[in-house]
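Survey of secondary and tertiary structure
Take a look at the letters that make up each chain.
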Amino acid sequence: MALTTTSTDSLATLDTPLLAVPVFGTHDAATRETDGPGAPTMPGALPAELYNALRNARSDLRANAGAKTLVWSAEGVDGPERLVFIGVGKRESELTAEDVRRFAGHAVRQAEALRIEGLGILVPSLADGPGIAAQSAAEGAVLASWRFRELKTGAGETEEPTEVTDVTLVGDGEEFDAGAENGVIIADAENVARVLQSRPGNVATPSHLARVAEALGRDLGFDVDVLGPDRLKEERMRALLAVSQGSEQEPRLIVMHHRGGGEGEKPLVLVGKGLTFDAGGISIKPAKGMEEMRFDMSGGAAVIAAMSALARLGVKRNVIGIVPSSENLLGGRAVKPGDVVKTRSGKTVEIINTDAEGRLILCDSLDYALQFEPEAMVDCATLTGSVTYALGNNAIGLMGSDDALVEEVRQAGERSGERCWTLPMWPEYRRQLDSDQADLQNVGGRAAGTITAGWFLREFVQDTKWAHLDVAGTAYGDGERTSYLRKGGYGVPTRLLVEWVRGRA
Ligand code: BES
Ligand code: MN
Ligand code: ZN
C-alpha cells in the first residue's frame, strides 16, 4: 500500500474519491453531560458546501465511535468527491493513539465498502503531538488494508475484494510526515508477522521461518544466524530437540542481530516461540479447533517482524532476536510423558505433559540468550490456554523478574495499543512445578496455568531483567479485533516490541 501525506491547506483541492473526517464526541464519559451541540474542528480550507454537509452530519455522530455518515460533494466543486464523517466517540482533547488507529481503520473499511481503492484521511490532533497522530493513522490504515490472499486462486470467486492501495494522510509539519513514515514501517512489519502467522503448518515450517528471516536480514541489513540439528546438539539444547524429535521437520534456532548501538553496548534481547504446528505431541490435543495451532508461532513471527522494523527504523540500539522453531507432533520417536530431559542450563525437567512444549523450546533459548549478557530480555509466546480464561482476548498476560521492566513493557503496550495486564509472580506459585524425579516438571496443574508457565521460564533467566508476554489470547482470533484488524493473525505483539525498544533508544 502506498501512503503519502499532504497539508491541510490543500484540502479544498485534494483530488480523492473519499475523504474521512473525524467527528468528535461532546459528552463527558463519566457524567454524560454534554458540551452542547458540539464543535468539531473543521478545516477552514474545505469548501463551504462541505462545511454545511458536516454541520448537518455531526449531530448524528456525536459520541458514537465508528458511526458513519457519507455525503457527496456538489457537482463541479473542487476537492474530495465524497466525505465520510466518522464518529470517534470522544472529545478531541481525550483522544488517544488507539482512537486514531481505529478511526483510520473505519475509514479504510468505508472505502472497501464503496469499492474505492484510494482515500484521504484527515488526521485528528493528539496531546502526544502530530508525530504520534500520523504514526497511529498510518498504522491503522496499513493494518486495515491487509488481507491474506496468497493461497486463493480466485476460482469460484465472482468478484475480488477491493484492496485499498493509496492513502493520503492530511496533516501538517515535518513531525507529522516523519510519524507517518514510522507508522508505515511498523505496520508493514506487523503485516509480515500476519503473513507468517497465516501460512499453514505445511508452508510455514521451521526452515521456512528461518529462510524468511534470512531474506529479511539480507534486504534490510541485519545479521541472521540459523542453527540446525547439529549445532543445536553441540549447544546441548536438548529440551528444544526433545520437542522436535517426533517430527520429520528439522528444528531451527533463528538468531538475528540488529547492530544499531555501540560496539560494547549490552543488547536488548527479544525471544519468540516459533512452534509451527502444535498437535500436543503424545498428550494430543482434541481435534476440534486444532487447525488453530498453526498460529503457535505467533511470538516468533512478531520477533522476526520487530527485527525488520527496528532495522528499517535505524533504531540506535543493539538488539538480538531469538526464535526457537519446531513442530510438536506424535510418532514413534516422540518425547513421552514422564521422560526427563537435561536442558541447556543443566537443570533437569520431567515432561509430564508433552503439550506444554512452548516452555521447553523457550527455556533452552532463554539460556542461550544469557551468553549475550542482555541489558534486558522480553519473550513472547502463545504459551497457555489459561491466559484466555484470565484475561479473555483483550489483554496480553504480562509478568517478569523485575518490576520496573514489567511496568516499562506494560506502558509500551498501552502506547502501541497492544495492551497487557500484569499477573503476580509470587514464589508460592513456583511450588506447583516441584517434581519427584527432576529439578522441575513442565506443568503446574490447572490452577494459575499462565503464572506457573511464567515461573517455568523464570527458572532459566538467572538474574537477567526479564519480562514474559503470554499472547495466546491476543495474537490471533476469529473475529474483527478492532476496525483495523481482520480475523486471523493480528501480528501481536510486534508493535509492542518495537515500541519497547524505541523507548530505550
Ligand atoms: N500452544 C498452546 C497454548 C495455546 C492454547 C495457545 C490455546 C492458543 C490457544 C500450548 O503449547 C499448550 O498446549 N499449553 C497447554 C499447557 C498445559 C498442558 C499445561 C494448555 O494451555 O493447555
Ligand atoms: Mn502445546
Ligand atoms: Zn504450543
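Along each chain, residue indices are assigned from 1 in the same order as the chain's sequence is written. Ligands are numbered from 1 and chains lettered from A, in the order in which they are written. The model is predicted, so local features are restricted to residues of pLDDT at least 70 and side-chain atom pairs to those at 80 or more, both for listing and for counting; the totals for chains, interfaces and linings are taken over all residues. Only hydrogens and water are set aside when side-chain values are computed; all heavy atoms of the structure are taken into account.

1. Looking at the overall build of the protein chain
Per the convention used, a helix needs a DSSP run of H or I reaching at least four residues, while a strand needs a run of E reaching at least two, with both numbered from the N terminus. The secondary structure content of the protein chain amounts to 14 helices and 20 strands. At 24 Å, the protein chain has a C-alpha radius of gyration in line with the 23 Å of a compact globule built from 505 residues. A principal-axis box enclosing the C-alpha atoms of the protein chain has dimensions of 80 × 50 × 50 Å. Buried, partly exposed and exposed residues are distinguished by accessible area as a fraction of the type maximum, computed with a 1.4 Å probe on protein chains only: under 20%, between the cut-offs, and over 50%, respectively. Residues classed as buried in the protein chain amount to 59% of the 505 residues present. Expressed as a percentage of contacts within the protein chain between residues at least 6 apart in sequence, the contacts between residues at least 24 apart total 78%. When the accessible surface of the protein chain is totalled, it reaches about 20400 Å², and 46% of it is carbon and sulfur. Side-chain charges of the protein chain comprise 53 positive and 72 negative groups, with the mean position of each set lying 4 Å from the other. Our radius of gyration is a C-alpha quantity, and the globule rule it is checked against amounts to 2.2 Å times the number of residues to the power 0.38. Working rule for contacts: check all heavy atoms of both residues, and any pair within 4.5 Å makes them a contact. Computed by Shrake-Rupley with a 1.4 Å probe, the accessible areas treat only the displayed protein chains as cover when residues are assessed. A positive count includes Lys and Arg, and a negative count includes Asp and Glu. His and the chain ends are not counted in either. Taken as the charge centre is NZ of Lys, CZ of Arg, CG of Asp or CD of Glu, depending on the residue.

2. Structural notes on the coordination of the manganese ion (ligand 2)
In this analysis a donor is any N, O or S atom within 2.8 Å of a metal ion (3.2 Å for sodium, potassium and calcium), and since water is not included, sites may seem incomplete. Bound to the manganese ion (ligand 2) are the protein donor atoms Asp278 (OD), Asp355 (O), Asp355 (OD) and Glu357 (OE), situated 2.0 to 2.2 Å from the metal. Here the metal geometry follows the donor angles, with tetrahedral for four donors whose angles all fall between 85 and 135 degrees, square planar for four and octahedral for six when opposite donors are more than 155 degrees apart and every other angle is between 65 and 115, and irregular for all the rest. One can describe the donor arrangement at the manganese ion (ligand 2) as irregular, given that its six donor atoms subtend angles of 69 to 166 degrees at the metal. Coordination of the manganese ion (ligand 2) draws on donor residues from a single chain, spaced D-x76-D-x1-E in sequence. Between the manganese ion (ligand 2) and the zinc ion (ligand 3), a spacing of 3.1 Å is present, and a bridge between the two is formed by Asp278. Residue Asp278 is located in strand β10 (residues 274-278), and its partner Glu357 is located in the loop between β13 (348-350) and α9 (358-369); the two are separated by 79 residues in the primary sequence. Neither Asp278 nor Glu357 differs from the other in exposure class; each is buried.

3. With respect to the domain arrangement of the protein chain
Throughout the structure description, domain borders are defined by an automatic or database domain assignment. Partitioning the protein chain into domains gives domain 1 (2-175) and domain 2 (189-504). Using C-alpha coordinates to define each centre, domain 1 is positioned 36 Å away from domain 2. Counting residues at the interface gives 20 residues for domain 1, matched by 19 residues for domain 2. Both faces combined, the contact of domain 1 with domain 2 buries some 1600 Å², and carbon together with sulfur accounts for 52% of it. Any Lys or Arg side-chain nitrogen located within 4 Å of an Asp or Glu carboxyl oxygen qualifies as a salt bridge. The partner of Arg199 in a salt bridge is Glu150, with the nearest N and O atoms 2.6 Å apart. Polar contact is defined as a pair of N or O atoms within 3.5 Å, subject to the rule that within protein one atom must be able to donate a hydrogen and the other to accept it, and that residues adjacent in sequence are counted only when both atoms are side-chain atoms. Viewed at the interface, domain 2 and domain 1 are joined by 13 residue pairs in polar contact (both at pLDDT 80 or more). Two parts placed together each lose some accessible area; with a 1.4 Å probe, that loss summed over both constitutes the buried area.

4. Focus: the site of ligand 1
Any residue with a heavy atom positioned within 4 Å of a molecule or strand is treated as near that molecule or strand. Residues in close proximity to ligand 1 total 16 residues, the closest being Lys285, Asp296, Asp355, Glu357 and Gly385. Measuring from an oxygen atom of ligand 1, one finds a side-chain N or O atom of Lys273 at 3.2 Å. In the environment of ligand 1, a nitrogen atom lies 3.3 Å from a nitrogen or oxygen atom belonging to the backbone of Thr382. Notes on ligand 1: free accessible area 510 Å², of which the protein chains cover 78%. Residues are grouped as follows: nonpolar covers Ala, Val, Leu, Ile, Met, Phe, Trp, Tyr, Cys and Pro; charged covers Asp, Glu, Lys and Arg; every other residue, Gly included, is treated as polar. In the shell around ligand 1, the residues fall into five nonpolar, four polar and seven charged.

5. Focus: the coordination of the zinc ion (ligand 3)
The expected angle between donors at a tetrahedral four-coordinate metal is 109.5 degrees. At an octahedral six-coordinate metal it is 90 or 180 degrees. Surrounding the zinc ion (ligand 3) are the protein donor atoms Lys273 (NZ), Asp278 (OD), Asp296 (OD) and Glu357 (OE), which sit 2.0 to 2.4 Å from the metal. Coordination geometry of the zinc ion (ligand 3): the six donor atoms subtend angles of 78 to 176 degrees at the metal centre, consistent with an arrangement described as octahedral. Coordination of the zinc ion (ligand 3) draws on donor residues from a single chain, spaced K-x4-D-x17-D-x60-E in sequence. Overall, the relative accessible area of 2% leaves Lys273 in the buried class.

6. Quick word on α9
Over its twelve residues, α9 runs 16 Å from end to end, which matches the ideal 16 Å to within 8%, given 1.5 Å per residue. For α9, a buried count of twelve out of twelve residues is recorded, marking the element as mostly surrounded by other parts of the structure. Among all positions in α9, only Gly358, Arg359, Leu360, Ile361, Leu362, Cys363, Asp364, Ser365, Leu366, Asp367, Tyr368 and Ala369 are buried. What a helix should span is 1.5 Å times the count of its residues minus one.

7. Here's the deal with the sheet that holds strand β12 (residues 340-342)
Two strands are counted as paired when DSSP detects at least two bridges linking them. Pairing is mixed across the open sheet formed by three strands, whose spatial order is β12-β13-β17. Of all strands in the sheet, those bounded by a partner on one side alone are β12 and β17 (440-441). One ladder, built from three bridges, connects β12 with β13; its direction is antiparallel. If you follow Lys342 over to β13, its bridge partner there is Thr348.

8. Brief notes about the environment of Ala395
Mapped onto the secondary structure, Ala395 falls in the loop between α10 (386-391) and β15 (396-400). When the C-alpha atoms of Ala395 and Val255 are compared, they prove to be 28 Å apart, with 140 residues separating the residues in sequence. Leaving out residues up to four positions away in the same chain, Ala395 has contacts with Arg419, Cys420, Trp421 and Thr474.

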